[in-house]
Amino acid sequence: MRAFAELLDRLVLTPQRNAKIKLLADYFRDTPDPDRGYALAAIAGTLSIAAVKPALLRDLTLERMDEVLFRYSYDYVGDLAETISLVWEAPADLEGEDPSLSSVLHRLNTTGKAQIRTLVRDLLDCLETSSRYAFLKLVTGGLRIGVSARLAKQALADFGGQDVSDIETLWHGIAPPYEELFAWLEGRTPKPALSMPAVFHTVMLATPVQEGDLDALEPKDFAAEWKWDGIRIQLANLGGVRRLYSRSGDDISGTFPDILDALDFEGVIDGELLVGGTARSNRMTRTFYDLQQRLNRKTVSPKMLEDYPAFIRAYDILFDGPEDVRSEGFIDRRARLSEKIEAADHTRFDLSPLVAFTSWEDLDRLRSEPPDPVIEGIMLKKLDSPYTPGRAKGPWFKWKRNPYNIDAVLMYAQRGHGKRSSYYSDFTFGVWTKDGPNEILVPVGKAYFGFTDAELQVLDKFVRNNTIERFGPVRSIRAQADFGFVVEVAFEGINRSSRHKSGVAMRFPRIARLREDKIPAEADRLDTLLAMISADEAATTE
Amino acid sequence: MFWGMKPDALLYPTPKGLYCAPGDFYVDPVHPVERALITHGHADHARSGHTAVMATRQTLDIMRIRYGEQFCVSEHVAELRQTTVINGVTVSFYPAGHVLGSAQIAIEKDGMRIVVSGDYKRRADPTCLPFEPVKCDVFITEATFGLPVFHHPDDRAEIGKLITSLKQFPERSHLVGAYALGKAQRVIALLREGGHDAPIYIHGALTKLCDYYETQGIALGDLRPATLTGKDKSMFAGAVIIGPPSAFADKWARRFIDPVSIFASGWMMVRQRAKQRGVELPIILSDHCDWPELLATISEIQPGEVWVTHGREEALVRWCALQGIAARPLHLVGYDDEGE
């Protein structure tokens, strides 16, 4: 358990992706089965473990500790699991033991409700502080370590010298403690065979169109489609098994029973999950904000299903029935897809329409003024391109519509992580609004990228020379009408938000330009942002 | 118990620090005074500008290194475990185990003995003498880590984390934040004990103090200035660099390639603290007592009363109350309870 706990402690505090991968790969190498497989499951979110109520943990702690001292401790630490892990005093004779992660899980999952109290007390006694913390986070479901399932798979790929797409393909066909996976990665056995055909296949991704990219390309070699602002999915129905996967391969079938129930064709398709009506039902496609109401839910109420009906706008097909068609060209696959969707449930499926164009200039104009506000740009697909996993440059491009822009004033700055830890690189920016008779700045977002290294030097210097106050790692920066730092902020969308004081939330804000030529009085007003939302809303309800 | 003298008459808190009226001297005063007794060389306890200063030889040396020759008008060396009488008050110094030169000060008159512990710790430290418990009527303790959450782990296992990381990330520089007096030298000494023989690079703020430790017989091995010679940043790859924590937010830190940010402090016990500071590898290493050590010390000394100076006094006072030991907070100002 100790090695697992140490791994978690390191992962939580390690910002760099490569360093995380290294920590994970080293752990997989040094830890025997089945512990490493359970650790992988805990990190990738596939571990099933008996839950323990926080009230029980608190009770157990107070059996041995003064309540006032516990309260002081909890107030100071602010996290129940961590507080208990730190204040717990084990009887001296139990120290030095290190039960394995798998034995801890086994005992938890085989103990009846009546004995759980005794078991948890025993486990807390025999684990050291870090392991105690890991254990408490596991049983209270609060394990957040900043490692995605995708990153864990990349670490497995590095560890075994295999391609991550092979691991993705296997992933949903195997289960903890993943012994056959590790046996294959260590070269001891051949690749595990899939027991279930409806597994996830790594999706094909596009690269952004960059300056000059299109100059050498012929418009007639490409098809164009709208890029819809929903979430990219993969829908499978093979061998009697139906699954809906997110772009990263997470199984989200349970969240979208309306889609799964309507699925009446066999195969695997690629598409965009959206909320609202399909094109052929003549109802509008609704915004990403509406789609968000449906995401990440364990249970879905009938009202949810009615108010936010989901549908699939199909882009591509990977398997036509059991037949793998990924090696065919885009246009051939599209013919197959079109036939399938035509016959499918009209309220739940439609085909992403192609956009007619003759020149790149045509397309540029269409991209800037799309006919639907839920469109975020154009996709370009080479007519003869096979469906290849991952993001290769050439066959598919994405050409996003121009972002929104505002001028905002820097208000707070925080030091970055890793190689940026000596720079103030995370910025909170604000715009003007009326507060009674006064004009004040209200924070509207945070950005920590978009600028060049040279621009960062300028920003960092300004922060250091114009700090008014410090709160821990955060500095508040001088920002008055006649003195401060104005930046041009670009973002992809804007929504109303009750969680933010300003009432607005931006999507993907970044610092597009430093406007040293402007003074804060010239920055935008909150009214401008609210108007952007109103314009979007008006367009959606047309 | 009969006390010939009330403890409050012998020593009491004032805005300048603890004051002994019969002896007319202060202990660790935070403003300039006529006569100061100093427990140890950390800046919040040992300030410059007093007229007469009494402290251990090493503490006086450290004050001279930090403040220059003019740090006071007259120096008086306190020999450990020997008594000196000041205006009818007997004072004596005993090792406190905090940093090199650190001492507790026992103050005695008319059968009443008060021990001011300054800052102290109980576990072995290769860079200073161990704490010696002294029987007393009133024990004045700090409570920097006076909360049940603080259980500082084994020093060697903590340094082991750093040694493991050096093997795991040999291409990255390992930047350790440690206070210039005491902690830095302890980290170096523990690394040497752990078999790390390679040169260790140090920030300029550490040079004089490390040199001084060497003269006191504490071997720190091959130390070099953390200064770039030429433009080759790769000289710091896989190396340990030690500097005061304040230097890490500074431009100084930019010379190191892809650094692993490390902080050696008792505060690293709490994950959120590490996270807030952007620490990637926390090393829990404290020059103060953790909670069990505070309790064990009070139980061992069995003072009639406990006074708590700075830190998290409310929890320690609560614990004393539960044990039936008279205790009260002193609410002294000017001591840095974050300084670790």
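Refer to the structure printed above.
Residues numbered from 1 in each chain as written. Chains lettered and ligands numbered in written order. Predicted model: local features only at pLDDT ≥ 70, side-chain atom pairs only at ≥ 80, totals over all residues. Heavy atoms only, no water.

Q: Hey, could you run me through the overall build of chain B in this one?
A: The number of helices and strands found in chain B is eight helices and 19 strands. Against the globule reference of 20 Å for 340 residues, chain B gives a C-alpha radius of gyration of 21 Å, in line with a compact fold. For chain B, the C-alpha atoms occupy an extent of roughly 70 × 45 × 30 Å along the three principal directions. Across the 340 residues that make up chain B, the buried fraction comes to 59%. Carbon together with sulfur atoms contributes 52% to the accessible area of chain B, which is approximately 12,500 Å² in total. If you average the places of the 35 positive and of the 40 negative side-chain charges in chain B, the two averages end up 4 Å apart. (Helix = DSSP H or I, 4+ residues; strand = E, 2+ residues; numbered from the N terminus. Rg over C-alpha atoms; globule rule 2.2 N^0.38 Å. Buried < 20%, exposed > 50% of the residue type's maximum accessible area, 1.4 Å probe, protein only. Areas by Shrake-Rupley, 256 points an atom, 1.4 Å probe, with all protein chains shown as cover. Lys, Arg positive; Asp, Glu negative; His and termini not counted. Charge placed at Lys NZ, Arg CZ, Asp CG, Glu CD.)

Q: Quick question: what am I supposed to make of the overall build of chain A here?
A: From N to C terminus, chain A includes 19 helices and 20 strands. When burial is assessed residue by residue, chain A has 54% of its 542 residues classed as buried. Sequence-distant contacts, at least 24 apart, represent 69% of the contacts inside chain A between residues at least 6 apart. Element-wise, carbon and sulfur atoms account for 49% of the exposed surface of chain A, whose accessible area totals about 24,400 Å². (Contact = heavy atoms within 4.5 Å.)

Q: Would you take a moment to explain the interface of chain A and chain B for this structure?
A: Interface size is often expressed as the accessible area that is lost when the parts come together. Between chain A and chain B, the residue contacts involve 36 residues of the former and 38 residues of the latter. Overall, the association of chain A and chain B removes approximately 3,200 Å² of surface from exposure, summing both partners, and the carbon and sulfur fraction of that is 57%. Considering only the surface of chain A that becomes buried against chain B, A:R10, A:L13 and A:Y76 emerge as the three largest contributors, covering 23% of it. Taken together, the links from chain A to chain B amount to four salt bridges. Taking the shortest distance from any N to any O, the salt bridge between A:E82 and B:R271 comes out at 3.2 Å. Across the chain A-chain B interface, the total number found is 10 residue pairs in polar contact (both at pLDDT 80 or more). (Buried area = accessible area lost by both parts, 1.4 Å probe. Salt bridge = Lys/Arg side-chain N within 4 Å of Asp/Glu carboxyl O. Polar contact = N/O pair within 3.5 Å; in protein donor to acceptor, adjacent residues only side chain to side chain.)

Q: Can you walk me through the sheet that holds strand 8 (residues 89-95) of chain B in this structure?
A: Two pairing modes exist for strands in a sheet, parallel and antiparallel, and in both the strands are linked by backbone hydrogen bonds. Residues and elements named next belong to chain B. Ordered in space as 7-8-9-10-11-18-19, the seven strands form an open sheet in which the pairing is mixed. With partners counted over all chains shown, the strands left at the sheet margins are strand 7 (83-86) and strand 19 (326-329), one partner each. Direction aside, the axes of adjacent strands within the sheet are offset by 25° on average. Alignment of strand 10 (residues 112-116) against strand 11 (residues 138-143), held across three bridges, turns out to be parallel. When the sheet's bridge partners are listed, V115 is paired in strand 11 with F139. Where helix 7 (residues 291-301) meets the sheet, it contacts strand 11 and strand 18 (305-311), and its direction lies at approximately 175° from that of strand 11. Against the sheet, helix 8 (residues 313-323) makes contact with strand 11, strand 18 and strand 19, and its axis sits at roughly 165° relative to strand 18, the strand it touches most. (Pairing = 2+ DSSP bridges. Axes fitted to C-alpha atoms, helices over the stretch in contact; angles between N-to-C directions.)

Q: When you look at the state of the cysteines in this model, what are you seeing that I'm missing?
A: Residue and element names in this part refer to chain B. In total, this model carries zero disulfides over all chains according to the counting rule given. Of the cysteine sulfurs around C20, a residue in no disulfide, the closest is that of C136, at 15 Å. No disulfide involves C136; its sulfur sits 12 Å from the nearest other cysteine sulfur, which is in C320. (Disulfide = S-S within 2.5 Å.)

Q: Would you take a moment to explain the packing of helix 5 (residues 67-77) of chain A against helix 6 (residues 80-87) of chain A for this structure?
A: The description of two helices packed together rests on the angle between their axes and the distance between the axes. Residues and elements named next belong to chain A. The geometry of helix 5 relative to helix 6 is characterised by a closest axis approach of 9 Å and an angle of 125° between their N-to-C directions. In terms of orientation, helix 5 lies oblique with respect to helix 6. For the pair helix 5 and helix 6, the sense of crossing is right-handed. Contacts between helix 5 and helix 6 involve F70, S73, Y74 and V77 from the former and L80, E82, T83, I84, L86 and V87 from the latter. (Parallel < 35°, antiparallel > 145°, perpendicular 65-115°, else oblique. Left-handed = near helix turned anticlockwise from the far one by under 90°.)

Q: Even after reading the chapter, I still don't get unusual backbone geometry, so can you show me in this structure?
A: Negative phi values dominate among residues other than glycine, just as trans dominates among peptide bonds. For the bond running from A:D33 to A:P34, omega is -5°, close enough to zero to count as cis. Among the structural elements, A:P34 can be located in the loop between helix 2 (17-30) and helix 3 (35-44). At the junction of A:P176 and A:P177, the peptide bond is cis and its omega measures out at 5° in the coordinates. Along the chain, A:P177 turns up in the loop between helix 11 (164-171) and helix 12 (179-185). A positive phi angle is found at A:Y178, which is not glycine, with a value near 55°. Mapped onto the elements of the fold, A:Y178 is located in the loop between helix 11 and helix 12. A positive phi is found at B:D28, a non-glycine position, where the angle reads about 45°.

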